[in-house]
Each structure stands twice: as C-alpha cells, then as structure tokens.
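# Examination of the molecular architecture
What follows is each chain in one-letter form.
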Amino acid sequence: MNQQPNYQTTAQSSNGWHGKLNLVYAHRQNTTTLIHNQNQAPLKVQRPFYPEGQEVCHSVILHTAGGVVGGDRLSCNFHLQRNAQALITTAAASKIYRSNGTQARQSIEIQVDVGACLEWLPQETIVFNGAIYRQDLRVELATKASWIGWEINRFGRSARGEKFVTGEWRSHTEVWQQGVPLWIDRQWLPGSEEVFHSPHGLAGQPLVGSLVYVGQEVSPDLVEKARSLWRGEGEAGVTRLSCGLLCRYRGCATSEVRNWFIGVWQLLRQSFLVRSSCVPRVWQI
C-alpha cells in the first residue's frame, strides 16, 4: 500500500514553535507500514526502515530546530492499528534550553489497537539549568496490545559542571486500557540546590531514568533477571506492575543507564514479543 503524502507546514511565532507530528501504522500482508505521516515544523520523521524484517517498522523522529525553548508547544500522535508493530526513537539527544520565563511543553498521545505493540525509545533529554518544561504522555491500549517506553533525563550540562538549580521539570505519564488506569506516573522536579542534593530528589546525581513495560503479567523470575542485568554504580530498582514491569535509575553515566535499559528491553522483547535484539542504527552513531 502506498504511503500517503507527507504534509508539512510551518508554525513559528514570537512565542515559540508549535510543532506537530501525526503518524499512523497499519499491518497488512505481514508488513507494518507507515500509512499516514503529517508533520509541522520543527518535527518530522525519517523514511521508515526495516532492519529486522517487514513486520516491525522502525521510525526516527527529528527535531530540526535543534532544541526546545520557552513557549514551544510540541504535539505527537502515534496510532498503531490492529497487529501493527513499530519502534520509534529520536535521531539525537533532545535539549531543553534555559527558559525566558515561559513554559515549554510536549504532549504525546499514543493509541495501540488490538494485538499491536509500540516500542517508544527516545534518546536522552538534557534539561538545561533554568529550563521550564512539561511533558504529558498518554497511552491508550486495546486488549492484547502492549507498550514499552523509556525516559532518560540529564539535569544540567553536568560535563560543564552545570547543575539544575533553577527552573522546573514535570513529566506526566498515563497508560489506560478500556477506561482502566494501568500505570500513572507524575514526576516533578523544581530546580534548587536543596532538591538537587536531597535523597528525595536527585541525591547529587544529574541523571534519572524510567523504563516501563505494560501489556502482560510479568513473572517474579523475569523481575530477578532484569535485576541481575544491572552492572552499574548508580542506584537502580525493578518493580513488578499488575501487568508489566518498571525500572528506575538514578546516577551520573548515560552509558550505564542505556546499557541496562537496553538489556532489559531485549529481555522483554524475547519474553513477550518473541523477537530478537535489534539495536537501532541511530543509537550507534
């Protein structure tokens, strides 16, 4: 089936970018195809590719403005139709710049139909000191649908000695199935020296991450396997959800959390998707 045209418009005002990206995937004749792609700058998606066969469509999102500033409004809508299988990632680390006093915001709406699975695995987000940012992510799962997602955030450009001591960061994630909440996670980090060093905040560490799988019941044995994959020096934990798995990380090394999350993701793939490992090429650049 031919892909629909890529409709691209531009929306930038004195108050920031208003970027949009709407993607629809369909599964037909053992192939998952991106059948609808509508974007508004600065968001766009690269041409789909299939490094592990036609059933799983890999997509890479680009943010052509280079970073997010106060006043930006970004909106993404992903819809996987029945039995579609897709992996979506980003081309590079996202940057949330120091705000001029206004909030930058990203909204992500995901619909996963019966038998479909979305792997939403964006690269790291760097939250500059002074940034004011909120992300809202909502997933609607049909029966026998599943979702794997992660979020890795670095607070401050720590390589330059910068800490996140002014500004504000919020992340709200919700996963629903037929009107029932399966996973609700609301995080808030106000920038301050006290919160940066508090054991209830960052505990002096600039990096935090969450990986969530929602779809099927996870056995205690698989939880132990996920814990056994941890080889780092930061803090890590694994929690069994009612129909999934949650991993948390707090530390200082991107490679540390990425390696662990990739290992857990591969474990989940093998256990629930009967799918081998296939690390996106863009992660290796």
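## A word on the pattern of salt bridges
Pairing between side chains becomes possible if they bear opposite charge and their charged atoms approach one another. The tally for this structure, following the rule as stated, stands at 17 salt bridges. Among the salt bridges present, the one from Glu119 reaches Arg269, with a minimum N-O distance of 2.7 Å. Residue Glu119 is found in strand β11 (residues 117-120), and its partner Arg269 is found in helix α3 (residues 254-273); the two are separated by 150 residues along the sequence. Comparing Glu119 with Arg269, the two get one shared label, buried. Of the charged contacts, one joins Arg240 and Glu217 as a salt bridge, the two residues approaching to 2.9 Å between their closest N and O atoms. Within this pair, whereas Arg240 is found in strand β18 (residues 235-241), its partner Glu217 is found in the loop between β17 (207-214) and α2 (220-228), the two being separated by 23 residues in sequence. What makes Glu217 exposed here is its relative accessible area of 55%. Sharing partners across several salt bridges, the network here consists of Glu52, Glu119, Arg269 and Arg275.

## Digging into the packing of aromatic side chains
Inspection of the entire model under this criterion finds twelve aromatic pairs. Judged by centre distance (5.6 Å) and plane angle (40°), the ring pair of Trp260 and Phe261 falls under tilted. The pair formed by Trp260 and Phe261 is uniform in burial state, with each residue classed as buried. Each member of the aromatic cluster is reached from another via a ring pair, and the members are Trp150, Trp230, Tyr249, Trp260, Phe261, Trp265 and Trp283.

## Concerning the side chain of Asp113
Here Asp113 shows up in the loop between β10 (104-112) and β11. Despite being buried, Asp113 has no salt bridge partner; Arg82 is the closest side chain of opposite charge, sitting 8.0 Å away. Polar contacts involving the side chain of Asp113 include one to the side chain of His79, which spans 2.9 Å. Setting aside anything within four residues of it in sequence, one finds Asp113 in contact with His79, Leu80, Gln81, Arg82, Ala142 and Ala145.

## Here's the deal with the environment of Ser255
Positionally, Ser255 belongs in helix α3. Overall, Ser255 belongs to the partly exposed group, its relative accessible area being 48%. Along the chain, Ser255 and Gly232 lie 23 residues apart, while their C-alpha atoms are 9.4 Å from each other.

## Some remarks on the packing of α2 against α3
Two quantities define a packed helix pair, namely the angle between the helix axes and the distance between the axes. Their axes nearest at 9 Å, the elements α2 and α3 cross at an angle of 150°. In terms of their interaxial angle, α2 and α3 are classed as roughly antiparallel. Crossing of α2 against α3: the hand is right-handed. On α3, the residues touching Leu222, Lys225 and Ala226 of α2 are Trp260, Val264, Leu267, Leu268, Ser271 and Phe272.

## Regarding the side chain of Thr254
Here Thr254 shows up in helix α3. There is a polar contact of 2.9 Å between the side chain of Thr254 and the side chain of Arg154. If near-sequence neighbours (up to four positions away) are discounted, Thr254 is found in contact with Glu124, Arg154 and Leu207.

## Examining the environment of Thr173
Note on placement: Thr173 falls in strand β15 (residues 168-177). Sequence separation between Thr173 and Leu246 is 73 residues; the distance between their C-alpha atoms is 13 Å. When residues no more than four places from it in sequence are discounted, the contact partners of Thr173 are Leu137, Trp147, Trp183, Ile184 and Asp185.

## Describing the confidence of the model for the protein
Within the protein, residue pLDDT values average 94, and 95% of them lie at 70 or more. Predicted confidence for residues 1-10 stays below pLDDT 50, and this span has 22 contacts to residues more than four positions away or in other chains.

The rules behind these values
Residues numbered from 1 in each chain as written. Predicted model: local features only at pLDDT ≥ 70, side-chain atom pairs only at ≥ 80, totals over all residues. Heavy atoms only, no water. Salt bridge = Lys/Arg side-chain N within 4 Å of Asp/Glu carboxyl O. Helix = DSSP H or I, 4+ residues; strand = E, 2+ residues; numbered from the N terminus. Buried < 20%, exposed > 50% of the residue type's maximum accessible area, 1.4 Å probe, protein only. Phe/Tyr/Trp six-rings, centres within 6.5 Å; stacked < 30°, edge-to-face > 60°. Lys, Arg positive; Asp, Glu negative; His and termini not counted. Polar contact = N/O pair within 3.5 Å; in protein donor to acceptor, adjacent residues only side chain to side chain. Contact = heavy atoms within 4.5 Å. Axes fitted to C-alpha atoms, helices over the stretch in contact; angles between N-to-C directions. Parallel < 35°, antiparallel > 145°, perpendicular 65-115°, else oblique. Left-handed = near helix turned anticlockwise from the far one by under 90°. pLDDT = per-residue confidence, 0-100.

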